[in-house]
Amino acid sequence: MSLSTVSTVGTAPTAPTTPTASAAYTDLDGLRRQDPELADVLMGEVARQSDALQLIAAENFTSPAVLTALGSPLANKYAEGYPGARHHGGCELVDIAERIAVDRAKALFGAEHANVQAHSGSSAVLAAYAALLRPGDTVLAMGLPDGGHLTHGSPANFSGRWFDFVGYGVDPESGLIDYDQVHALARAHHPKAIVCGSISYPRHIDYAAFREIADDVGAYLIADAAHPMGLIAGGAAPSPVPYADVVCATTHKVLRGPRGGLLLCGADLAERIDRAVFPFTQGGAQMHTIAAKAVAFGEAATPAFTAYAHQVVANARVLAEELATEGFAIATGGTDTHLVLVDPTPLGVDAQTARGRLAAAGIILDTCALPHAGTRGLRLGTAAVTTQGMAGVELARVAALLSGAVRGDANVREEVRELVGRFPPYPG
Ligand SMILES: *Cc1c(COP(=O)(O)O)cnc(C)c1O
């Protein structure tokens, strides 16, 4: 089917005109006419996101400005290579977008070098490994049962297939990273790299301690800060940038940008990191996403974002405290971040059952491995609800609703609707 056939479905054919630049941007009515089936999905998803409590710790609501950049015709542009050195013509303007994104990322995180091309957090980690390691090298990372990511040695992932991973864990009593164990494992296995970062660890990571251990055994230190990167941007969590050889991150979690990856490093590793992203692990850069990353980095540099990042943590603390009062067991006894990891079994319900009851009540979250428990727990995050404008009093309410839903209270669905109805993520 030709493009002209598609674009005139349901409309009177018109003579081709030169569209103004703004006509190239989001045209929902046009999509509705052309493809009602997909338009329904797109509109339905906004309604779904607005009609429930979004507590998935890895999710957030991006701004309309970020969405505009994402939906822009920069998506049309092929741009292999880096600004000023592309394999394609016509890159003058997307080069500006990428330079802005790089400069903003460097300034935001105080890094000597930034690569903004990684398509995702996993792609960023792949590039970091590609830059520093060879297949078969030993890597020390948090074990998956304790909160490591798939890219930290899962046998189902390239990392576990191509590298020899050794896992460290958290202390069974405190739930905190056992730095003595990390050190002992590093001395015993002589890893080429140590990875710090987790999908569920709710506490600050002591990057200086990891640096000392890495130096002691001559290992690279890779910080996978996918989760806390937005807190770091807002000054609400310590930064790994002064300590790690390479920092990998996502731009779409607390950082509230488009789905994508980010790498930071010193000038010494800049070229290796860039070549590991392109041409080693990726092809053409996604310029619409890079432009959206630039917008998000710009937003993250504002005082409003600093306040947001601190509110995210304050909200998570309220959630943890109130859930403890409701009888949930809280991993590590609380949180320093946006993340709360809880065990619902003291309420007589396992995590899988709890997740189902919560989903039915309009409370959306993940289950996640609970270190040393042999069972799964519930992983909650406050990034999205904080973007919606919820603060302490609402988070206490969220905890009460969560508890009610896990216990099987059928009224919770309506009460969730009433709460989220007062905090629309996209007003109007
Ligand atoms: C989310 C996450 C990733 C992967 O990000 P994707 O964009 O989903 O590939 C990698 N590492 C950690 C620690 C994460 O939390």
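None of these values were measured; they are calculated from a predicted model.

Scoring rules and cut-offs
- Residues numbered from 1 in each chain as written.
- Predicted model: local features only at pLDDT ≥ 70, side-chain atom pairs only at ≥ 80, totals over all residues.
- Heavy atoms only, no water.
- Helix = DSSP H or I, 4+ residues; strand = E, 2+ residues; numbered from the N terminus.
- Rg over C-alpha atoms; globule rule 2.2 N^0.38 Å.
- Buried < 20%, exposed > 50% of the residue type's maximum accessible area, 1.4 Å probe, protein only.
- Contact = heavy atoms within 4.5 Å.
- Areas by Shrake-Rupley, 256 points an atom, 1.4 Å probe, with all protein chains shown as cover.
- Near = heavy atom within 4 Å.
- Polar contact = N/O pair within 3.5 Å; in protein donor to acceptor, adjacent residues only side chain to side chain.
- Nonpolar A, V, L, I, M, F, W, Y, C, P; charged D, E, K, R; others polar.
- Pairing = 2+ DSSP bridges.
- Axes fitted to C-alpha atoms, helices over the stretch in contact; angles between N-to-C directions.
- pLDDT = per-residue confidence, 0-100.
- Right-handed = clockwise from strand over helix to strand, strands pointing away.
- Patch = residues over 30% accessible without salt bridge, like charges linked within 9 Å, V, L, I, M, F, W, Y side chains within 5 Å.
- Salt bridge = Lys/Arg side-chain N within 4 Å of Asp/Glu carboxyl O.
- Expected span 1.5 Å × (residues − 1).
- Domains from an automatic or database assignment.
- Buried area = accessible area lost by both parts, 1.4 Å probe.

Enquirer: Can you tell me about the overall build of the protein, naming the residues and giving the values?
Expert: Within the protein one finds 17 helices and 15 strands. A compact globule built from 428 residues should have a C-alpha radius of gyration of about 22 Å, and the protein, at 23 Å, falls within 12% of that. Burial statistics for the protein: of 428 residues in total, 52% are counted as buried. For the protein, long-range pairs separated by at least 24 residues make up 71% of all intrachain contacts whose partners lie at least 6 apart in sequence. Within the structure as shown, the protein displays about 18,400 Å² of accessible surface, and the carbon and sulfur contribution to it stands at 55%.

Enquirer: Describe the site of the ligand, with residues and values.
Expert: Near the ligand you find S120, G121, S122, H149, S198, I199, D224, A226, H227, T250, H252 and K253, and these make up its full shell. In this structure, an oxygen atom belonging to the ligand sits 2.9 Å away from a main-chain N or O atom of G121. Split into classes, the residues belonging to the shell around the ligand amount to two nonpolar, eight polar and two charged.

Enquirer: Explain the sheet that holds strand β11 (residues 329-330) to me, and be specific about the residues and the numbers.
Expert: With respect to topology, four strands assemble into an open sheet ordered β11-β12-β15-β14, the strand pairing being antiparallel. Of all the strands in the sheet, just β11 and β14 (366-369) have a single pairing partner and so form its edges. Pairing geometry for β14 and strand β15 (residues 376-381), over four bridges, is antiparallel. Counted as the bridge partner of C368 is G377 from β15. Of the strands in this sheet, β11, β12 (339-343) and β15 touch helix α13 (residues 303-325), which is tilted by about 15 degrees from β12.

Enquirer: Describe the confidence of the model for the protein, and please don't skip the residues or the numbers.
Expert: On average, residues of the protein score 94 in pLDDT, and 96% of them are at 70 or above. In this model residues 1-13 is a low-confidence stretch, pLDDT under 50, and it forms eight contacts with partners more than four residues away in sequence or in other chains.

Enquirer: Quick rundown of the pairing of strand β8 (residues 220-224)? Include the residues and the values.
Expert: Counted residue by residue, β8 has four buried out of five residues, so it is predominantly covered. Taken together, the four bridges between strand β7 (residues 193-196) and β8 define a ladder with parallel strand orientation. Bridge pairing links C196 to A223 in β8. Considered for its hand, the β-α-β crossover made up of β7, helix α9 (residues 207-217) and β8 is right-handed.

Enquirer: Tell me about the pairing of β15, and name the residues and values.
Expert: Across the six residues that make up β15, a large majority, five, are buried. Bridge analysis of β12 against β15 gives four bridges, and the strand direction is antiparallel. Pairing of V340 across the sheet is with L380, part of β15. Here β14 folds back onto β15, and the loop between the two strands holds six residues, one of which, H372, carries a positive phi near 65 degrees.

Enquirer: If you had to explain a nonpolar patch on the surface to someone new, which residues and values would you point to?
Expert: Together, L38, V41 and L42 line one region of the surface with nonpolar side chains, adding up to about 250 Å² of accessible area. One can find V41 in helix α3 (residues 36-50).

Enquirer: Run through the pattern of salt bridges, naming residues and quoting values.
Expert: For the coordinates displayed, the defined rule picks out 17 salt bridges. A salt bridge links R203 to D336, with the nearest nitrogen and oxygen atoms 2.9 Å apart. Here D336 lies in the loop between β11 and β12 and R203 lies in the loop between β7 and α9, a separation of 133 residues in the sequence. A relative accessible area of 18% places R203 in the buried class. Here the residues in one salt-bridge network are D51, R413, E414 and R417, joined through shared partners.

Enquirer: Explain helix α12 (residues 287-300) residue by residue, including any values.
Expert: Given a rise of 1.5 Å per residue, 14 residues ought to cover 20 Å, and the 20 Å separating the end C-alpha atoms of α12 matches this to within 8%. The buried fraction of α12 is high, at 11 of 14 residues. Taken together, the buried positions of α12 are occupied by M287, H288, T289, I290, A291, A292, K293, A294, A296, F297 and A300. For α12, the secondary structure elements touched by its buried residues are α4 (64-70), β3 (85-86), α5 (92-109), α10 (229-233), β10 (261-265) and α13.

Enquirer: Give me the domain arrangement of the protein: which residues, what numbers.
Expert: Split by domain assignment, the protein resolves into domain 1 (36-62 + 303-422) and domain 2 (73-300). Between the C-alpha centres of domain 1 and domain 2 there is a distance of 27 Å. Listed by partner, the interface residues are 30 residues for domain 1 and 32 residues for domain 2. Across the interface of domain 1 and domain 2, roughly 2,500 Å² is buried in total on both sides, 61% from carbon and sulfur atoms. For the interface between domain 1 and domain 2, the tally reads one salt bridge.

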